[in-house]
Amino acid sequence: MWISLLNSYSFLAFCAFIVDYIFGSIKLKYHPVVLIGKFISFFERHFYKDSIKAGAIIFIITNLLALCFVGFIYIILPKIYWYVFEIGLSGILIANNMLYKEVKKVVLSDNPRQKLRYLVSRDVDSLSESDVYKACIETYAENINDAVIAPLFYLLLFGLWGLVVYKCTNTLDSMIGYRNARYEKFGKISARADDVLNFIPARLTALIVLFVNKKLNYIKNISKLSRYYTSPNSVYPIGAFAYSLEVCLGGPTSYFGKVVFKPTLGFNKCKLDESDVFRALRQKNKIDLAIVLILVFLVIIENWRIFIR
């Protein structure tokens with residue numbers, strides 16, 4: 001029975017989520033995502049070229065190296081230890097608790113604007129106090145997808161292999177996937193790959209957030225506004241939080257000195273304060289419960305023959 005369960009991707013995803021829930025606040029000196037980031041920085045320093053070809057090379061090499069590492073571990077470890085490694089690494093690559101903790105740190109900091117700088121790519125120096133809190137909610141919302149729902153989605157589909165590819169792609173996008181003079185070509189492949197991989201998870205994230213808040217009817221509003229965003233995937237989780245919390249998110253935002261005009265998502269309260277960020281963070285319990293119930297349901301569906309013996 002246990003071997004059959006351990007070979008089940010749904011059970012793997014459930015265990016990984018629980019591992020993150022219990023141990024996710026523990027800081028690792030050599031976190032896998034940090035190591036991926038160090039490799040990307042190394043490649044960029046030594047092999048950067050303002051070309052799509054160079055960007056394709058870094059994308060392929062980063063993913064291949066990560067997959068080769070996982071494959072090497074798969075070959076050398078006895079089966080039972082592989083299962084332990086698979087669950088452990090999957091749990092580490094889901095960053096639900098870490099995300100919650102980092103956003104909370106920004107709000108509780110003596111200088112939220114300075115702390116926010118390490119979480120977002122937007123220009124923070126000119127942000128008003130309300131805009132700082134808005135950025136906190138948007139970052140939390142968007143990363144519910146990037147750090148939780150999307151990793152679980154690819155874990156369910158392809159196991160650890162799919163999760164590793166997603167995390168490599170998402171890390172590449174967060175480091176080089178920008179539309180500016182340096183990365184327009186070099187980061188193009190990574191940015192487009194990240195858009196493709198997040199297409200379904202971003203919409204699932206919005207549906208989950210809206211469902212737990214009984215606001216599913218607003219998915220139409222989000223879908224209509226998404227066409228006006230250069231990154232339509234991010235609109236879905238951010239929009240879901242905006243309509244669920246009844247606050248204004250989105251709108252014009254400055255990146256690398258250039259203002260990007262975007263329509264406002266949500267309604268009602270547009271001047272935000274720290275209480276709104278804490279309301280957003282309190283969504284975690286409802287979202288976590290929904291995820292656990294979905295994963296348990298999928299475990300039962302995938303392994304129903306085991307449970308009726």
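Residues numbered from 1 in each chain as written. Predicted model: local features only at pLDDT ≥ 70, side-chain atom pairs only at ≥ 80, totals over all residues. Heavy atoms only, no water.

Asks: I would appreciate a short explanation of the nonpolar core in the present structure.
Replies: If you look at the biggest cluster of nonpolar residues, it comprises 82 residues, and the most contacted ones within it are Leu 116, Leu 152 and Phe 241. In terms of residue count, helix α8 (residues 129-176) provides more of this core than any other element does, 19 residues in total. Ignoring anything within four residues of it in the chain, the contact list for Leu 116 reads Val 106, Val 124, Leu 127, Val 132, Ala 135 and Cys 136. If you look at the next biggest cluster of nonpolar residues, it comprises five residues, including Ala 150, Phe 153, Tyr 166 and Leu 197. (Core = buried A, V, L, I, M, F, W, Y, C linked by side-chain atoms within 4.5 Å. Buried < 20%, exposed > 50% of the residue type's maximum accessible area, 1.4 Å probe, protein only. Helix = DSSP H or I, 4+ residues; strand = E, 2+ residues; numbered from the N terminus. Contact = heavy atoms within 4.5 Å.)

Asks: I'm lost on helix α12 (residues 274-281) in this one. Help?
Replies: An α-helix turns once per 3.6 residues; consequently, residues spaced three or four apart project the same way. All of the buried residues in α12 are Asp 276, Val 277, Ala 280 and Leu 281. For α12, the angular spread of the buried residues around the axis is 145°, confining them to a single face. (Arc of directions from axis to C-beta.)

Asks: Before we go on, may I ask you to explain the side chain of Ser 10 in this structure?
Replies: Mapped onto the fold, Ser 10 is located in helix α2 (residues 9-23). Of note is the side chain of Ser 10, whose polar atom sits 2.8 Å from the side chain of Ser 8. When near neighbours in sequence (up to four residues on either side) are disregarded, Ser 10 contacts Leu 156, Leu 298, Val 299, Glu 302 and Asn 303. (Polar contact = N/O pair within 3.5 Å; in protein donor to acceptor, adjacent residues only side chain to side chain.)

Asks: Explanation requested: the pattern of salt bridges in the structure shown.
Replies: Two side chains carrying opposite charge are able to pair once their charged atoms lie near each other. Using the criterion set out here, one finds eight salt bridges in the structure. The residue Arg 192 makes a salt bridge to Asp 195 at a minimum N-O spacing of 3.7 Å. Of this pair, Arg 192 and Asp 195 both sit in helix α9 (residues 188-212), three residues apart, which is roughly one turn of that helix. The salt bridge partner of Asp 276 is Arg 279, with a shortest N-O separation of 3.0 Å. Of this pair, Asp 276 and Arg 279 both sit in helix α12, three residues apart, roughly one helical turn. Classification of Arg 279 as partly exposed rests on a relative accessible area of 27%. In this structure, a network of salt bridges that share partners links the residues Lys 269, Asp 273, Asp 276 and Arg 279. (Salt bridge = Lys/Arg side-chain N within 4 Å of Asp/Glu carboxyl O.)

Asks: What is the right way to look at α9 in this model?
Replies: The end-to-end C-alpha distance of α9, which contains 25 residues, comes to 35 Å, matching closely the 36 Å that a straight helix rising 1.5 Å per residue would cover. Within α9, the axis deviates most sharply at Asn 198, by approximately 45°, and proline Pro 201 lies no more than four positions further along. In the stretch just after α9, Lys 214 is the one whose phi turns positive, near 55°. (Expected span 1.5 Å × (residues − 1). Bend = angle between axes of the 7 residues up to and from the residue.)

Asks: What's the story with the packing of helix α5 (residues 79-93) against α8 in this structure? I'm lost.
Replies: For any two helices packed against each other, one specifies the crossing angle of their axes together with the interaxial distance. For the pair α5 and α8, the least separation of the axes is 10 Å and the interaxial angle reads 145°. Viewed along their axes, α5 and α8 form a crossing whose handedness is right-handed. Contacts from Trp 82, Phe 85, Glu 86, Leu 89, Ser 90 and Leu 93 in α5 reach Ala 147, Leu 155, Leu 160, Trp 161, Leu 163, Val 164 and Lys 167 in α8. The residue inventory of the contact of α5 with α8, partitioned by class, reads 10 nonpolar, one polar and two charged. (Axes fitted to C-alpha atoms, helices over the stretch in contact; angles between N-to-C directions. Left-handed = near helix turned anticlockwise from the far one by under 90°. Nonpolar A, V, L, I, M, F, W, Y, C, P; charged D, E, K, R; others polar.)

Asks: I keep staring at the environment of Lys 53 and nothing clicks. Help me out?
Replies: Inspection of the secondary structure puts Lys 53 in helix α4 (residues 52-76). Classification of Lys 53 as exposed rests on a relative accessible area of 65%. Taking the C-alpha atoms as reference, Lys 53 lies 8.4 Å from Lys 185; in sequence the two are 132 residues apart.

Asks: How do you make sense of the state of the cysteines when you look at a structure like this?
Replies: Linking two cysteines covalently through their sulfur atoms gives a disulfide. Enumeration over the complete set of coordinates arrives at one disulfide. For Cys 248, the disulfide goes to Cys 270, at an S-S distance of 2.0 Å. Remark: Cys 270 occurs in the loop between β4 (264-265) and α12 and Cys 248 occurs in the loop between α11 (232-245) and β1 (249-250); sequence separation between them is 22 residues. Residue Cys 248 is classed as buried on the basis of its relative accessible area of 9%. Not part of a disulfide, Cys 136 finds its nearest cysteine sulfur in Cys 248, a span of 17 Å. (Disulfide = S-S within 2.5 Å.)

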